[in-house]
Amino acid sequence: MKNSFILRNPSVLIFLGVLALFTLGVTFMSEATGAGLISTSFVKTLGKTLCLCLIAIAMDLVWGYCGILSLGHFAFFGLGGYMIGMWLMYERTRQIVTLSMANAEIPPTDQEVVDAIGSQIFGVVGSSDFPPIWSFADSLPIQLALVLIVPGMLALIFGWLAFRSRVTGVYLSILTQAMTLALSLYLFQNDSGLRGNNGLSGLQNLPGTDAIPQSLISIWFFWASALALGLGFLLASWVVSGKFGSVIRGIRDDEQRVRFLGYSVEGYKLFIFVMTAMIAGIAGALYYPQAGIINPAEVAPIASIYLAVWVAIGGRGRLYGAVIGAAFVSLVSTWFTGGQAPDVPLGFYVVKWVDWWQVLLGLSFVLVTLFAPKGIGGLFDLFEGIRSPRRHGAALGPDQGSLQEKEAQE
Amino acid sequence: MSTLLEVSGVSVSFDGFKAINNLSFQIGQAELRAIIGPNGAGKTTFMDIITGKTRPNEGRVLWGEKSQSLLKMSEAAIARAGVGRKFQRPTVFEDQTVHDNLLMAIKNDRSPFSVLFFKPKFRDLGRVEELAAEIGLSDQLHRKSGELSHGQKQWLEIGMLLAQEPRLLLVDEPAAGMTLSEREHTTDILVEAAKTRAVVVVEHDMEFVRRLNCKVTVLHEGSVLAEGSLDHVTQNKDVIDVYLGR
Ligand SMILES: Nc1ncnc2c1ncn2[C@@H]1O[C@H](COP(=O)(O)OP(=O)(O)OP(=O)(O)O)[C@@H](O)[C@H]1O
Ligand SMILES: [Mg+2]
């Protein structure tokens, strides 16, 4: 059964092979487990990139396959990060506090410990009480479950309201942006209970691993991210390969027709929306411990728009395209914004990439959309001689999210 | 013969324009019916009402032995209850193969979870082959349906309709874009299908309707102008005035 799935989808095997090689390569070049050719901070960058690839897969499922242009998936990503961040911060602070109180003459009561943790964590927002949303912060299993549950519930409630009223196309995209904006504005408030614009920090320090160097921890997270990406790719390929994939691609191109076949379109959209929100949550939960800090700016509406840009540049409607797009654009972006890219002196003006990179990205997005809608993934088609069908410009279905002529394969 | 679908006193207006006006209609469990009428008579809108796409302003639409109202049901639920529909313009999933189109239509559990774990059984694959043979697309099963000719898409849609195993088939202008022999084949399929279920065919082509050899309902300005055999209605003075005489 499994074999036939792999056989029918050779790209899965190729992808997993490439990912495994890449992981091995990085492992043997890292400081902790290899020759030390690449720095720990670069290992973290690569690990974070893998998480971005994972959320790109989620985006491709929801947009490329199901036609829902969600501009809100980074909200789910951020929520996943906050959920794991709460435990990381609580537990680490608890250890520090217990250590420092251990020297006190009278052993501290449990309540004193909790109060001390509270004033440590919430001092920056002028408070010391734990808000109710931190109720489970002391439990790793519960916070891990919340990584799935919180994004999943938000997606369920939002999706149920939006899909049930048959909001589609641009209006749905705007609604998802509004959701993201509302969430980030809420998180910015000091009394949101998540430390306002300070966000959660120190997340790179895994509690109880003080003796273990960051170089090794970074490799652990890199492995975990690679594993999550591999499993995510496998899951997504399986979901889109069978009849379920047929139905959601049908919804992308012509949802009315799917309805008249007796499929509840709203149910399917909700299913995909919630599932991808959970994948995004997992990606975020792996990303932020590597980033070390999460704050509300990460959830800003623009982040979700970038996500759509990555998937478009990689080529939507094919999972490896989304991964390539996310990896390529985010790595190039790190390079440009990290100050490594040399400035271009034009005589009268010096192009500083830190400032101009956004412009370049925007321009590439426009160019790809106009001239190469298959994106980077389209290069593989070029290679294999797969062309687009000749349809005189007609899309493959009447809906707004439907596959366009130039995105399709003959 | 017991009634499968009963539409009574239904009216629909779009911005004050009455597209359907106090229309009543009945069809039995296994009956073939042709609907004719000039452009804009409301034939497509009539099908929209039955399939839940358009909600009428007044009237009743009752379905099946239990006289269940279709008006409160969603399009998908109506389809699952056994109403299949072919659109005026052929609508198939152009980015997917003929095989996948048919497989999606074949009657099976439609809920997301069971579809996710769906494995086509021997019976399903056999049914796909059988349908493909019936609609003359056996050697096209692995082509993307967007590449098919207009006539072939019409066929595919008819095939998908049969795959759903509906109790009522609503077919909007099935013969458009077909050659003469294809039209004859279409008539055969529809007549055959009507032996076990109700079939409503909207068609402009009188020759086609004649070959169906069934009761005819003439629609005009959203209501029934005449009903009976083709010969009966074509001799009707009103019908000649509004439809045939032009
Ligand atoms: N959604 C709508 N909004 C406004 N007017 C509509 C709508 N749908 C149909 N109409 C109008 O209702 C009338 C009936 O249209 P309908 O499509 O049912 O006609 P028809 O009998 O199928 O015609 P044809 O033979 O051309 O297919 C037409 O005048 C049409 O313009
Ligand atoms: Mg019509």
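Residues numbered from 1 in each chain as written. Chains lettered and ligands numbered in written order. Predicted model: local features only at pLDDT ≥ 70, side-chain atom pairs only at ≥ 80, totals over all residues. Heavy atoms only, no water.

- Within an unreviewed UniProt entry, the label attached to chain B reads Urea transport system ATP-binding protein, and the organism entered is Thalassovita taeanensis.

- By the naming in an unreviewed UniProt entry, chain A is Amino acid/amide ABC transporter membrane protein 2, HAAT family, taken from Thalassovita taeanensis.

1. Here's the deal with the overall build of chain A
Here comes step 1: In terms of helices and strands, chain A carries 14 helices and four strands.
Here comes step 2: Computed over its C-alpha atoms, the radius of gyration of chain A comes to 23 Å, within 12% of the 22 Å expected for a compact globule of 410 residues.
Here comes step 3: When its C-alpha atoms are laid out on the principal axes, chain A stretches across 85 × 55 × 55 Å.
Here comes step 4: Taking all 410 residues of chain A together, the buried fraction comes to 51%.
Here comes step 5: For chain A, contacts bridging at least 24 residues in sequence account for 72% of all contacts bridging at least 6.
Here comes step 6: Here chain A displays about 18200 Å² of accessible surface, and carbon together with sulfur accounts for 68% of that area.
Here comes step 7: Here chain A contributes 23 positively and 24 negatively charged side chains, and the mean placements of these two sets differ by 14 Å. (Helix = DSSP H or I, 4+ residues; strand = E, 2+ residues; numbered from the N terminus. Rg over C-alpha atoms; globule rule 2.2 N^0.38 Å. Buried < 20%, exposed > 50% of the residue type's maximum accessible area, 1.4 Å probe, protein only. Contact = heavy atoms within 4.5 Å. Areas by Shrake-Rupley, 256 points an atom, 1.4 Å probe, with all protein chains shown as cover. Lys, Arg positive; Asp, Glu negative; His and termini not counted. Charge placed at Lys NZ, Arg CZ, Asp CG, Glu CD.)

2. Some remarks on the sheet that holds strand β10 (residues 223-228) of chain B
Either a parallel or an antiparallel arrangement is found when strands of a sheet pair, and the pairing is made through backbone hydrogen bonds.
Residues and elements named next belong to chain B.
Here comes step 1: Taken in spatial order, the six strands of this open sheet run β6-β7-β8-β3-β9-β10, and their pairing is mixed. Two strands lie at the open edges of the sheet, namely β6 (83-86) and β10, each paired on one side alone. Across the sheet, the axes of successive neighbouring strands diverge by a mean angle of 20 degrees, strand direction being ignored.
Here comes step 2: In the sheet, strand β3 (residues 32-36) pairs with strand β8 (residues 198-202) via four bridges, with the strands oriented parallel. Bridging from a neighbouring strand, Leu32 pairs with Val199 of β8.
Here comes step 3: Strands in contact with helix α7 (residues 180-193) are β3, β7 (168-172) and β8; relative to β8, the strand with the most contacts, it is inclined by about 145 degrees. (Pairing = 2+ DSSP bridges. Axes fitted to C-alpha atoms, helices over the stretch in contact; angles between N-to-C directions.)

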